[in-house]
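If you want the building blocks of each chain, they are given just below.
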Amino acid sequence: MPNLPDVVLWSIPAFVLLTVVEMASYRFHPDEDAAGYEAKDAATSIGMGLGSLFTDLVWKVPIVAVYAAVHELTPLRVPVLWWTVPLMLLAQDFLCYWSHRGHHVVRLLWAGHVVHHSSRRFNLSTALRQPWTGFTSWPFYLPMVALGVHPAAVAFCSSVSLVYQFWIHTERVDRLPRPFEHVLNTPSHHRVHHASQGGYLDRNFGGILILWDRAFGTWTGETERPVYGLTKNIETYNPLRVATHEYAALARDVRAAGDWGERAGRIFRGPGWQPGPRTAPSPDPTAAPEPAA
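Caption draft 1: Looking closely at the overall build of the chain. In terms of helices and strands, the chain carries eleven helices and zero strands. With the principal axes as the frame, the chain shows a C-alpha extent of 85 × 60 × 35 Å. Residues counted as buried form 42% of the 293 residues belonging to the chain. Within the chain, contacts between residues separated by at least 24 positions form 73% of all contacts whose residues are at least 6 apart in sequence. On the chain, roughly 16400 Å² of surface is accessible, and the fraction owed to carbon and sulfur atoms is 67%. The distance from the centre of the 24 positive side-chain charges to the centre of the 24 negative ones in the chain is 2 Å.

Right, here's the structure in full:
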């Protein structure tokens, strides 16, 4: 097993320090146009983050078992060397784009990811608002394992991506110089991603790089000021309800569905999908006419 550092663990002090600094910046230099911080919202985000640490440990057991089995079956091996790690990070970022995009266009996956978008604020504490059902992402990274990347290396790359994405959850950084904005996922790009306006919905899925969005037609630049949150916001700060509200709504819609086609649509189509109007069956032309009253 490659000896790789726990990037997230080592970054926790920086997370705390940067969040405190950002809070202080709003206190001493308020911005009327920025959403800033709200105590209950920040507490919920931090609570969701702490809860995800526990649930991730639970989900990690079966995921690691599957990854280990696939890694044993494949004859391919990618060594962890100075020149292979950047390639692994690039591959992970490419798959992260598709995982993130998939979690926006498949309602079953969105039911977990919606947690991260449920805050109407956009600050560094929002980055900590993580789902408690992280098991939905693992299939997207199986190709790396099948190609011979050790599961520990995959986990390391995912941790690097997660740490990078922490700092882009802020309104305190405007736009970076154009070369950075063209290549990297930046606070400006990610503000668009967290916005609830129609033109901003389902855009800018990149993890570290924004190049994938530019290549696959999902990039949108920041023009009007984003309005954060969901198209239908939830009125709760209860972490358990935040974690499960969309699963409950999905279950209600599946129960109320008229047929199996609609049930499948509710689960596997997009969050806003609605079935078409039902039409009455056409009359049988061979049937005898009904007698007049």
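Caption draft 2: Expanded view of the layout of surface pockets. Its boundaries defined by the atoms lining it, the second largest pocket holds a volume of some 790 Å³. Together, 30 residues line the second largest pocket, and Trp110, Thr231, Lys232, Glu246 and Pro271 are the ones closest to its centre. A per-element tally of the lining of the second largest pocket places helix α10 (residues 239–256) first, with six residues.

Caption draft 3: Molecular detail of the packing of α10 against helix α11 (residues 260–268). Orientation of α10 relative to α11, taken along the N-to-C sense of each, is 165°, at an axis distance of 8 Å. Taken as axis vectors, α10 and α11 run roughly antiparallel relative to one another. Helix-helix and strand crossings are classified by hand; for α10 and α11 the assignment is right-handed. Residue-level inspection shows Leu250, Asp253 and Val254 of α10 in contact with α11, the latter providing Arg263, Arg266 and Ile267. Within the contact of α10 with α11, the residues separate by chemical class into three nonpolar, no polar and three charged.

Caption draft 4: Up close: the nonpolar core. Membership of the largest hydrophobic core comes to 21 residues, with the highest contact counts inside it found for Tyr67, Met88, Tyr141, Met144, Val149 and Val154. At the level of secondary structure, the elements contributing two or more residues to this core comprise α1 (7–28), α2 (39–73), α3 (84–105), α5 (142–146) and α6 (151–166). Broken down by element, this core gets its largest block of residues, six residues, from α6. Not counting residues up to four positions away in its chain, the partners in contact with Met144 are Met88, Ala91, Gln92, Leu95, Val149 and Val154. Tyr164, Ile168, Phe205 and Leu209 belong to the second largest nonpolar core, which has seven residues in total.

Caption draft 5: Region of the structure containing α10. Counted at 1.5 Å a residue, the expected span for α10 with its 18 residues is 26 Å, and the 27 Å between its end C-alpha atoms agrees. Where α10 bends most, the angle comes to about 45°, and this point is His245. Capping the start of α10, Asn238 holds a side-chain oxygen 2.9 Å from the backbone nitrogen of Leu240, two or three residues further along.

Caption draft 6: Quick look at the side chain of Glu171. Mapped onto the fold, Glu171 is located in the loop between α6 and α7 (178–183). Among the polar contacts listed, one links the side chain of Glu171 to the backbone nitrogen of Ala35, at a separation of 2.8 Å. Only 3.2 Å separates the side chain of Glu171 from the side chain of Tyr228, close enough to count as a polar contact. Not counting residues up to four positions away in its chain, the partners in contact with Glu171 are Glu22, Tyr26, Asp33, Ala34, Ala35, Gly36, Phe122, Arg191, Arg225 and Tyr228.

Caption draft 7: Representation of the pattern of salt bridges. Applying the stated rule across the entire model yields seven salt bridges. Note that Glu246 and Arg107 form a salt bridge whose closest N and O atoms lie 2.8 Å from each other. Note that Glu246 is positioned in helix α10 and Arg107 in helix α4 (residues 107–113), a separation of 139 residues in sequence. You'll find Glu246 and Arg107 in the same group, each marked buried. A salt bridge links Glu262 to Arg266; the nearest nitrogen and oxygen atoms lie 3.5 Å apart. Of the two residues, Glu262 and Arg266 are both situated in helix α11; the distance of four residues between them amounts to about one turn of the helix. A single salt-bridge network, built from bridges that share partners, covers Arg107, Glu246 and Asp253.

Caption draft 8: Quick peek at the side chain of Arg191. Tracing the sequence through the fold places Arg191 in helix α8 (residues 187–194). Overall, Arg191 belongs to the buried group, its relative accessible area being 4%. Setting aside chain neighbours within four positions, we find Arg191 in contact with Phe122, Thr170, Glu171, Val173, Asp174, Glu222, Pro226 and Tyr228.

Caption draft 9: Highlighting α8. The element α8 is extensively covered by neighbouring structure, given that eight of its eight residues are classed as buried. Every buried residue of α8 is accounted for by Pro187, Ser188, His189, His190, Arg191, Val192, His193 and His194. At its buried positions, α8 is contacted by α3, α4, α7 and α9 (211–216).

Thresholds, definitions, all that
- Residues numbered from 1 in each chain as written.
- Predicted model: local features only at pLDDT ≥ 70, side-chain atom pairs only at ≥ 80, totals over all residues.
- Heavy atoms only, no water.
- Helix = DSSP H or I, 4+ residues; strand = E, 2+ residues; numbered from the N terminus.
- Buried < 20%, exposed > 50% of the residue type's maximum accessible area, 1.4 Å probe, protein only.
- Contact = heavy atoms within 4.5 Å.
- Areas by Shrake-Rupley, 256 points an atom, 1.4 Å probe, with all protein chains shown as cover.
- Lys, Arg positive; Asp, Glu negative; His and termini not counted.
- Charge placed at Lys NZ, Arg CZ, Asp CG, Glu CD.
- 1 Å grid on protein atoms, 1.4 Å probe; cavity = no way out; pocket = protein on both sides within 12 Å on 5 of 7 lines; lining within 4 Å.
- Points joined across faces, edges and corners; volume = space filled by probe spheres on them.
- Axes fitted to C-alpha atoms, helices over the stretch in contact; angles between N-to-C directions.
- Parallel < 35°, antiparallel > 145°, perpendicular 65-115°, else oblique.
- Left-handed = near helix turned anticlockwise from the far one by under 90°.
- Nonpolar A, V, L, I, M, F, W, Y, C, P; charged D, E, K, R; others polar.
- Core = buried A, V, L, I, M, F, W, Y, C linked by side-chain atoms within 4.5 Å.
- Expected span 1.5 Å × (residues − 1).
- Bend = angle between axes of the 7 residues up to and from the residue.
- Polar contact = N/O pair within 3.5 Å; in protein donor to acceptor, adjacent residues only side chain to side chain.
- Salt bridge = Lys/Arg side-chain N within 4 Å of Asp/Glu carboxyl O.

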